[in-house]
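Structure assessment
So you can see what is in the structure, the chains are spelled out below.
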Amino acid sequence: MPTRTAAPPTVVPATEAVTRPLVVQPGEATQGRAAAFPLRREGPAKLTGAARYTDDLVFPGAWYGATIRSTDAHARLLAIEPDPDVDWSTVVIATAADIPGDNVVSLMHDDQPLLVPVGGEIQHHAEPVALLAAPDRETLRQLKGRIRLVTEPLPPVFDLEASDHEFARYEIKTGDDAALEAAFAAADLVLEGKYRVGHQEQLYIENQAMIAVPDEDGGIVIHGSLQCPYYVHRALKRALKLSSVEARVIQEETGGGFGGKEDYPSILALHAALLALKCRRPVRMIYERHEDIAATTKRHPAVIRHRTGVRRDGTLLAQDIDVVMDGGAYCTLTPVVLSRGALHAGGPYRCPNVRIRARATRTNTPPNGAMRGFGAPQTEFAAETQLNRIAERLDLSPAVIRERNAYRVGDATPTGQVLRESVAAEQVLRLAVDMSSYESVRRETGRRAAERRGVGAVPGSPLRTTDERHAGGIGLALAWHGAGFTGSGEVHLASVASVELGADGLIRLLTAQTEMGQGTKTILPLLVAGELGVPVEWIEYAAQDTAEVPDSGPTVASRTAMVVGGLSILAARCLKAEVEARHPGAPFHEVFRQDAVQHGPTRIDQHFEPYPGVAFDDATYRGDAYPAFGWAAAVATVDVDLDTGEVTVGDVVAVDDVGQAIHPILCEGQVEGGTLQAVGYATIEEIKLADGRYLNDRLATYLIPTALDAPRIHTILVEAPFSGVPHGAKGVGELPMDVAAPAVVAAIHDAIGIWMTELPATPEKILAAMHAGAAA
């Protein structure tokens, strides 16, 4: 694989960041890049309403499906009793007894049933127990409530730290425990901190949706809103005893995912398919928003404890970190979420003595799964807040302590990975500090805070003065994010991407990478077109249909641009070489149509090969956890209402190193979207539970930032390419999610002088903390 040495990023003048991203790039970063950036391919159809989502599809004779769910958090299922006074002959009921294969939702561990069998244990509220299909919605609505579940309550567990059932456990350390304790003994300051984060709902625009269509040969075709067609394909084959040909999955237009359509679509597709096979008709299962929020996976809650030892100048000497994540009732993707969280728990900082212990436990709450950032936002919030608190204790600027400790080329991570290239921590930090005027604004907010304390508080608000109702603050955070799957994950996936020159002269790109609004359908053809030297309009992007495209792996983990983009370029490169070899001296773009007529179709299947020099031991958790890392810094300004505790985020300067921005405008959109989601995570997105049930499981009660709440986001893209792929890209989707929340919390502290150690920092929590601080 060709290599390239990344030059240090240098600033390139650009227009205002609010309208177009400022791109900071090394001299070679534009290699192979198209001269102009095309409009997103599916954009016009979405804009005009012509795009057809799953609920828009019409299948004649389709029935409607529904799920009968538990209302217990933990119970034994004794019986499923349809009302004997109802004529059930016009509908279809499916239970675990109807499942022809294994009663599991195939993913990582075989612990989650498709449906709870009679005699089995219900593990969470809203768990699927039976299915119902009817020819019309009204019949379905009336009969759904006429099926009674007979249960025997069992003791539930809701405390993640008290649970004795573990889904996964990891330990990452440098040296031994004696060396760690010696480093703490030598430290000038040892600070302990406990941090807590809650659930977060993905809240994609389009609800979970599946339509199952049976065929005459006993197979099934799934049309759905999903991220990972081959996840669903594998689940269908196992639970329904289908062959690879009999099970077919087609991703339809998908209105957002954010991880919420990575693992959950498998169970919904299985439900729809089971009903369709039983009634021999297409079955539509489209969740309403209430059911979607109540039953689907969320971001993992976590409790993170830090003990950190530093010198007086802020140099890190020792980190002892304990992470506990709440997996919910079933494993889903919890081991890999925990793994990424643990690997990022120390933050983007070198430290000679580190011990990270992480475990994920089981509680009787709905299962948790993938969400943007995938474990890193939880642990990086804790790491950044801990470092900011240390800076305060040492009377150091948060920028200075980060610059002193940030990773540089040649440093080693706690797994022993030596960072040989593409390390942009210093660059993103410096740009964020400079472009936000961080130090001068911080001096001003500090002066105003001192004046406020001097005036004294007015009764009723511990920080309210006679002439000032609001307090402003500024906060800084730095983050890193591993690109692609963790450890040997990409090797195990064995992804394939294909480029085909058809007999008709059309060039087709075939991958299983799905479009969810992030730009897959635009950037992958752009890369192939750039390699072949043809207009991007000449590249057809094949539909994500398991009967047509190879398994290029899931559309997750910021891997599409880096991993599958790289495979697509290499496949195109091989196609170009093969065609040009048959026409010596003629460039591909002049002869490919002629070649297709003379030689027929040519297809190149490019298989993933391990990146040179990248090796990881999954058993010991030593080695190269990721082939490269993305780096991000954010500076946020906030206004805190001293009477209500409400936080308004005014500006965020977001600086993200993405390796190479294939399409800077789409890349900027990813930074803006991830930053806004992180602002919501920091301030208002809170799920409340009672007895294992989500209380605010409606749009009216689960709050997210709207357009009116969005801060001004100034995007700066940094390009420090990764040489292991031909285009240098490292991905962008998750990176912004890691950094904005701790920046907002730091800004809140700058405004009111109180550290919020639990997310989200809601007005209620801020008022309680202010009053507690005033009382102390």
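Residues numbered from 1 in each chain as written. Predicted model: local features only at pLDDT ≥ 70, side-chain atom pairs only at ≥ 80, totals over all residues. Heavy atoms only, no water.

**A word on the overall build of the protein chain**
Operational definition: Think of it this way: any DSSP run of H or I at least four residues long counts as a helix, any run of E at least two long counts as a strand, and we number them from the N terminus. Here the globule rule is a power law, 2.2 Å times the number of residues to the power 0.38, and the radius of gyration is based on C-alpha atoms. Using a 1.4 Å probe on the protein chains alone, a residue whose accessible area is under 20% of its type maximum counts as buried, one over 50% counts as exposed, and one in between counts as partly exposed. For this analysis, residues touch if any pair of their heavy atoms sits within 4.5 Å. Throughout, the Shrake-Rupley method with a 1.4 Å probe supplies accessible areas, and for residues the shown protein chains are the sole cover considered. Within this scheme the basic residues Lys and Arg register as positive and the acidic residues Asp and Glu register as negative, but His and the chain ends are omitted. Just so you know, the charge point we use is NZ for Lys, CZ for Arg, CG for Asp and CD for Glu.
Scanning the protein chain from N- to C-terminus turns up 18 helices and 30 strands. For the protein chain, the C-alpha radius of gyration of 27 Å lies close to 28 Å, the compact-globule estimate for 776 residues. Residues counted as buried form 63% of the 776 residues belonging to the protein chain. For the protein chain, restricting intrachain contacts to residue pairs at least 6 apart in sequence, the fraction spanning at least 24 positions comes to 81%. Carbon and sulfur atoms provide 53% of the accessible area of the protein chain, an area that totals close to 28400 Å². Taken together, the 72 basic and 99 acidic charged side chains of the protein chain have centroids lying 2 Å from each other.

**Side note on the sheet that holds strand 22 (residues 602–607)**
Sheet strands pair via backbone hydrogen bonds, and the direction of the pair is either parallel or antiparallel. What counts here: When DSSP finds two or more bridges between two strands, those strands count as paired. For helices, the fitted line uses only the C-alpha atoms of the stretch in contact; every axis is such a line through C-alpha atoms, and the angle between N-to-C directions lies from 0 to 180 degrees.
As summarised here, the arrangement of the four strands in space is 21-20-19-22, forming an open sheet in which the pairing is mixed. One side of each edge strand has no neighbouring strand; the edge strands of this open sheet are strand 21 (539–541) and strand 22. Direction aside, neighbouring strands of the sheet carry axes that sit 20° apart on average. Relative to strand 22, strand 19 (residues 496–501) runs antiparallel, the two being bridged by six bridges.

**A word on unusual backbone geometry**
Pro760 follows Leu759 through a cis peptide bond whose omega is 0°. With respect to the secondary-structure elements, Pro760 resides in the loop between strand 30 (758–759) and helix 18 (763–775). The backbone of Arg280 sits at a positive phi, close to 60°, despite the residue not being glycine. With respect to the helices and strands, Arg280 occurs in the loop between helix 5 (264–279) and strand 14 (283–286).

**Observations regarding the side chain of Ser397**
In this fold, Ser397 is placed in the loop between helix 8 (376–393) and helix 9 (398–405). In contact with Ser397, other than residues within four places in its own chain, are Ala391, Tyr438, Glu439 and Arg442.

**Thoughts on the packing of helix 8 against helix 17 (residues 740–752)**
The test is simple: Helix crossings are classified by the rotation of the near helix relative to the far one: an anticlockwise turn of less than a right angle makes the crossing left-handed, while a clockwise turn makes it right-handed. Only Asp, Glu, Lys and Arg are considered charged, only Ala, Val, Leu, Ile, Met, Phe, Trp, Tyr, Cys and Pro nonpolar, and every remaining residue, Gly among them, polar.
Relative orientation of the contacting elements helix 8 and helix 17 amounts to 30°, with a least axis distance of 9 Å. Helix-helix and strand crossings are classified by hand; for helix 8 and helix 17 the assignment is right-handed. Seen from helix 8, the contacting residues are Glu380, Phe381, Glu384, Thr385, Asn388 and Glu392; seen from helix 17, they are Pro742, Val745, Ala746 and His749. The residue makeup of the contact of helix 8 with helix 17, split by class, is four nonpolar, three polar and three charged.

**Quick notes on the sheet that holds strand 7 (residues 128–134)**
The strand order across the open sheet formed by seven strands is 5-7-3-14-11-12-13, and the pairing between neighbours is mixed. Taken across any chain shown, the strands that pair with only one partner, and hence form the sheet edges, are strand 5 (92–94) and strand 13 (247–251). When strand polarity is set aside, the average angle formed by the axes of neighbouring strands in this sheet is 25°. Strand direction decides the pairing type here: strand 12 (residues 220–224) and strand 13, joined by five bridges, are parallel. Paired with Ile220 across the two strands is Ala247, which belongs to strand 13. Its contacts with the sheet put helix 4 (residues 229–240) on strand 12 and strand 13, and the angle it makes with strand 13 is roughly 155°. On the sheet, helix 5 packs against strand 3 (63–69), strand 5, strand 7, strand 11 (209–214), strand 12 and strand 14 and is oriented at approximately 35° with respect to strand 11.

**Examining the environment of Ala75**
Take Ala75: it is sitting in strand 4 (residues 75–82). By relative accessible area, Ala75 is classed as buried at 0%. Discounting residues that sit within four places of it in the chain, Ala75 has contacts with Gly120, Glu121, Ile122, Thr151, Glu152, Pro153 and Leu154.

**With respect to the nonpolar core**
Rules: We call a set of buried residues a nonpolar core when its members are Ala, Val, Leu, Ile, Met, Phe, Trp, Tyr or Cys and they connect through side-chain atoms within 4.5 Å of each other.
Formed by 111 residues in total, the largest nonpolar core has its most connected members in Trp631, Ile748, Ile752 and Ile766. Filtering out sequence-adjacent residues up to four positions away, Ile748 remains in contact with Val638, Val647, Gly753, Met756, Ala761 and Ile766. Formed by 41 residues, the second largest nonpolar core is a distinct cluster that contains Ala529, Tyr541, Phe592 and Phe722.

**Describing the environment of Val91**
Following the sequence through the fold, Val91 ends up in the loop between strand 4 and strand 5. Separated by 546 residues in sequence, Val91 and Thr637 place their C-alpha atoms 57 Å apart. Ignoring sequence-local partners within four residues, the contact set of Val91 consists of Trp63, Leu132, Ala133, Ala134, Pro135, Thr139 and Leu143.

**Let's talk about helix 8**
In an α-helix, one full turn covers 3.6 residues, which means residues spaced three or four apart are oriented alike. Stated precisely, the cut-off is as follows: The span expected for a helix works out to 1.5 Å for each residue beyond the first.
When the terminal C-alpha atoms of helix 8 are compared, their 26 Å separation across 18 residues agrees well with the 26 Å that a helix rising 1.5 Å per residue should span. Counting buried residues along helix 8, 16 of its 18 residues qualify, which places the element largely inside the surrounding structure. With its phi angle positive at about 60°, Asp395 sits one or two positions after the end of helix 8.

**Some words on the pattern of salt bridges**
Condition: Salt bridge, as used here: a side-chain nitrogen of Lys or Arg that lies within 4 Å of a carboxyl oxygen of Asp or Glu.
In total, this model carries 49 salt bridges according to the counting rule given. The salt bridge involving Arg40 is made with Glu42; its shortest N-O contact spans 2.9 Å. Judged by relative accessible area, which is 4%, Glu42 ranks as buried. In this structure, Glu166 engages Arg169 in a salt bridge whose closest nitrogen and oxygen atoms are separated by 2.5 Å. One salt-bridge network, held together by shared partners, links Glu171, Lys173, Asp177, Glu181, Arg307, Asp320, Arg355 and Arg357.

**Examining the side chain of Thr334**
Assignment of secondary structure puts Thr334 in helix 7 (residues 334–343). Take Thr334: its relative accessible area is 0%, and that puts it in the buried class.

**As for the pairing of strand 10 (residues 189–197)**
Across the two faces of strand 10 the burial differs, with Leu189, Leu191, Gly193, Tyr195 and Val197 buried and Val190, Glu192, Lys194 and Arg196 not buried at all. When strand 10 meets strand 15 (residues 302–310), the two strands line up antiparallel, connected through nine bridges. Counterpart to Glu192 in the pairing with strand 15 is Arg307.

**Topic: the confidence of the model for the protein chain**
What counts is decided by this rule: pLDDT: the predictor's confidence for each residue, scored from 0 to 100.
Put simply, the protein chain has an average pLDDT of 93, and 93% of its residues get 70 or more. Per-residue pLDDT stays below 50 along residues 1–20; that stretch engages in 49 contacts with residues further than four places along the chain or on separate chains. Within the model, the stretch residues 456–460 combines pLDDT values under 50 with nine contacts to residues more than four positions away or in other chains.

**Focus: the pairing of strand 17 (residues 353–361)**
For clarity, the cut-off: When the strands point away from the viewer and the path from the first strand over the helix to the second turns clockwise, the crossover is right-handed.
Among the nine residues that make up strand 17, eight are buried, leaving the element largely enclosed by the rest of the structure. Examined bridge by bridge, strand 16 (residues 316–326) and strand 17 share nine bridges and lie parallel to one another. Paired with Gln319 across the two strands is Val354, which belongs to strand 17. Read from strand 16 through helix 7 to strand 17, the crossover connection turns out right-handed.

**Considerations on the packing of aromatic side chains**
Note the cut-off: Here the aromatic set is Phe, Tyr and Trp, taking the six-membered ring for Trp, and pairing holds for ring centres within 6.5 Å; pairs whose planes are under 30 degrees apart are stacked, those over 60 apart are edge-to-face, and all others are tilted. Criterion for a charge above a ring: Arg CZ or Lys NZ at most 6 Å from the ring centre, at most 35 degrees from the ring normal.
The tally for this structure, following the rule as stated, stands at 14 aromatic pairs. On the numbers, 6.4 Å between centres and 70° between planes, the contact of Tyr407 with Trp631 is edge-to-face. Of this pair, Tyr407 sits in the loop between helix 9 and helix 10 (425–435) while Trp631 sits in strand 25 (residues 629–641), placing them 224 residues apart in sequence. For the pair Tyr407 and Trp631, a shared accessibility class is recorded, and that class is buried. Ring centres of Phe629 and Trp631 lie 6.0 Å apart, and the angle between their planes is 50°; on these two criteria the pair is classed as tilted. Taking the relative accessible area as the measure of exposure, Phe629 reaches 5% and is therefore buried. Grouping aromatic residues by their ring pairs yields a cluster made of Tyr407, Trp480, Tyr626, Phe629 and Trp631. Lying over the aromatic face of Phe485, Arg559 brings its terminal NZ or CZ to 5.7 Å of the ring centre. A cation over a ring is seen here: Arg593 above Trp538, with NZ or CZ 4.5 Å from the ring centre.

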